[in-house]
Amino acid sequence: MSDPPVVAVALSGGIDSLAAGFLIKQRFEKVFGIHFTTGYEKRIPNVSALASVLGFPVHTIDLSSQFQTSVVDYFVSTYMAGKTPNPCLVCNMQIKFKALFDHARKLGADLMATGHYATVVNRYTPDTEENHQAWLEKGADLNKDQSYFLSMLSHKILDRVVFPLAGFTKAHVRHIAGQHNLVPIMPNESQDICFLPEKNHGAFINAQTNASISPGPVVDGHGKIVGSHQGLHTFTVGQRKGINIPGPAPYYVKKIDMNTNTLHVCFKSDLAEKQMKVEQIVWNYPEKVGIRDLSVQIRYGHKAAPAKLDWDKSCAIVTFDTPQNAVTPGQAAVFYCRNRVLGAGLIH
């Protein structure tokens, strides 16, 4: 008989990670916690309080250097290239389920658990490691589902991941926390980017790069210059606020052309796209063509839309049944078959 697995629980100090830690302790014999710092915290949580509440040791890992390189620098360089980054997705890939998990392994962990609302199917067990490849599905609470942000994790990572909140709603998680006196030490939950609390990415990028502002033309759908912008890195496709140019109807960002320093705008009725190209794809499904019930989600909060999938070498060409608004280069496109994540990549 093989030894029971050692499970590391990633702990932020919020209610979800606390509930995840509590549930993991009920299921596994050998458990420890692991908390990481990014260098962008306004305050450092009391990790000893986490250990006291959950009843297992908690280690703190400084990942500030890796976070700066893999997440913040990526965020800045992507905007400076005229695209819109997805830092939370990249943080999951490069920090939580790579750098942090590497540290957890060094501390003896076989598996890592987090408080994400998502489902792993066919998770690794010692007897079936060679026979199954894990895949990702949506969590039971579709209002909190985070499969979009986890969609580029490979099956090799998913084999070693546990999501104890997969079958729970947020209301049920709050109930569990209340029942067992799991008081979060980071009580204020946020959907914002953790290193961008002021939500002003333009000012943040200027501070990170000391980039000089390069004004340029704003051009409408007829090629007419209708105004000027004060730096393309402050815009994203589909954006309406911040253009500040009067017209017969509100303008939306249609395209960002870094080569000519031009911001292309349009009216909302002209914003939709029928087709897009997706690159850097992580694919976790046996077939690539002829997939029934295929839908594609192009940003968090977007309802996955029915589409057809074709392939051009390593890139995917997606043709939507109905044109979709704000197809944004740099954002993740996630391929679903009903609740199952087939794969994901970045919009070209």
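Here, the structure is the one placed above.
Residues numbered from 1 in each chain as written. Predicted model: local features only at pLDDT ≥ 70, side-chain atom pairs only at ≥ 80, totals over all residues. Heavy atoms only, no water.

Visitor: Explanation requested: unusual backbone geometry in the structure shown.
Guide: When glycine is set aside, most residues are seen to have a negative phi, and most peptide bonds are trans. If you check the backbone angles, Lys-313 has positive phi at about 60 degrees while not being a glycine. With respect to the helices, strands and loops of the structure, Lys-313 is situated in the loop between β14 (305-312) and β15 (315-325). A residue is classified by how much of its surface remains accessible, and Lys-313, at 81% relative accessible area, is exposed. Even without being a glycine, Ala-326 presents a positive backbone phi close to 55 degrees. (Helix = DSSP H or I, 4+ residues; strand = E, 2+ residues; numbered from the N terminus. Buried < 20%, exposed > 50% of the residue type's maximum accessible area, 1.4 Å probe, protein only.)

Visitor: In this structure, what is going on with the layout of surface pockets? I would like to understand it.
Guide: Picture a little ball the size of a water molecule; that probe, rolled over the atoms, points out where space is still empty. Of the pockets and cavities examined, the second largest pocket occupies roughly 290 Å³. Along its surface, the second largest pocket is lined by 13 residues, and Lys-138, Leu-142, Gln-297, His-302 and Lys-303 are the ones closest to its centre. Residues of the lining of the second largest pocket, tallied by class, amount to 5 nonpolar, 4 polar and 4 charged. (1 Å grid on protein atoms, 1.4 Å probe; cavity = no way out; pocket = protein on both sides within 12 Å on 5 of 7 lines; lining within 4 Å. Points joined across faces, edges and corners; volume = space filled by probe spheres on them. Nonpolar A, V, L, I, M, F, W, Y, C, P; charged D, E, K, R; others polar.)

Visitor: Looking at this model, I keep getting lost on helix α2 (residues 47-54). Mind explaining?
Guide: The α-helix advances 3.6 residues per turn, and as a result positions three or four apart in sequence lie on the same side. Taken together, the buried positions of α2 are Val-47, Leu-50 and Leu-54. Burial along α2 is one-sided: seen end-on, the buried residues are contained in an arc of 50 degrees. More than 90 degrees from the buried face of α2, the exposed residues found are Ser-48 and Ser-52. Taken together, the buried residues of α2 touch α1 (15-27), β2 (30-37) and β3 (58-62). Immediately downstream of α2, the backbone of Gly-55 shows phi near 80 degrees, a positive value. (Arc of directions from axis to C-beta. Contact = heavy atoms within 4.5 Å.)

Visitor: What exactly am I supposed to notice about the sheet that holds strand β11 (residues 262-266) here?
Guide: The pairing of strands in a sheet happens through backbone hydrogen bonds and is either parallel or antiparallel. On the basis of which strands lie adjacent, the open sheet formed by 4 strands has the order β9-β8-β11-β10 and mixed pairing. Looking at strand neighbours, the two that pair on one side only are β9 (225-229) and β10 (252-257), the edges of this open sheet. Averaged over all adjacent pairs, the angle separating strand axes in this sheet is 30 degrees, with direction ignored. Where strand β8 (residues 216-219) meets β9, 4 bridges bridge the pair, whose relative direction is antiparallel. Within β9, the residue paired with Gly-216 across the bridge is His-229. (Pairing = 2+ DSSP bridges. Axes fitted to C-alpha atoms, helices over the stretch in contact; angles between N-to-C directions.)

Visitor: Even after reading the chapter, I still don't get the packing of aromatic side chains, so can you show me in this structure?
Guide: The description of an aromatic ring pair rests on the distance of the ring centres and on the angle between the ring planes. On inspection of all chains with the given rule, the structure shows 15 aromatic pairs. Ring plane angle 40 degrees and centroid distance 5.4 Å describe the contact between Phe-195 and Phe-204, whose orientation is recorded as tilted. Here Phe-195 and Phe-204 have matching classes, each one buried. Ring centres of Tyr-251 and Phe-267 lie 5.3 Å apart, and the angle between their planes is 10 degrees; on these two criteria the pair is classed as stacked. Here Tyr-251 is found in the loop between β9 and β10, whereas its partner Phe-267 is found in the loop between β11 and β12 (272-283), with 16 residues between them in sequence. Given a relative accessible area of 28%, Phe-267 falls into the partly exposed group. By way of ring pairs, the aromatic residues Tyr-40, Phe-67, Phe-75, Tyr-79, Phe-195 and Phe-204 are connected into one cluster. In this arrangement the basic side chain of Lys-288 is found over the ring face of Trp-311, its NZ or CZ atom lying 4.3 Å from the centre. Over the aromatic face of Trp-135 sits the side chain of Arg-340, whose NZ or CZ is 3.9 Å from the ring centroid. (Phe/Tyr/Trp six-rings, centres within 6.5 Å; stacked < 30°, edge-to-face > 60°. Lys NZ or Arg CZ within 6 Å of the ring centre and 35° of its normal.)

Visitor: Looking at this structure, I do not really get the nonpolar core. What am I missing?
Guide: Taken as a class, soluble globular proteins show a tendency for nonpolar side chains to be buried jointly. In this structure, Phe-75, Phe-97, Leu-100, Leu-136, Phe-163 and Phe-195 are the most contacted members of the largest nonpolar core, which totals 48 residues. Of the residues forming this core, the biggest block, 8 residues, is contributed by helix α4 (residues 87-106). Counting 27 residues, the second largest nonpolar core, distinct from the first, contains Phe-28, Val-31, Val-47 and Leu-165. (Core = buried A, V, L, I, M, F, W, Y, C linked by side-chain atoms within 4.5 Å.)

Visitor: Just to check I follow, could you spell out the pattern of salt bridges for this structure?
Guide: Applying the stated criterion across every chain yields a total of 5 salt bridges. With a shortest N-O distance of 2.5 Å, Arg-338 and Asp-293 are connected by a salt bridge. With Arg-338 in the loop between β16 (332-337) and β17 (340-347) and Asp-293 in the loop between β12 and β13 (294-297), this residue pair connects regions lying 45 residues apart in the sequence. Here Arg-338 falls in the exposed class, since its relative accessible area comes to 56%. A residue is classified by how much of its surface remains accessible, and Asp-293, at 49% relative accessible area, is partly exposed. (Salt bridge = Lys/Arg side-chain N within 4 Å of Asp/Glu carboxyl O.)

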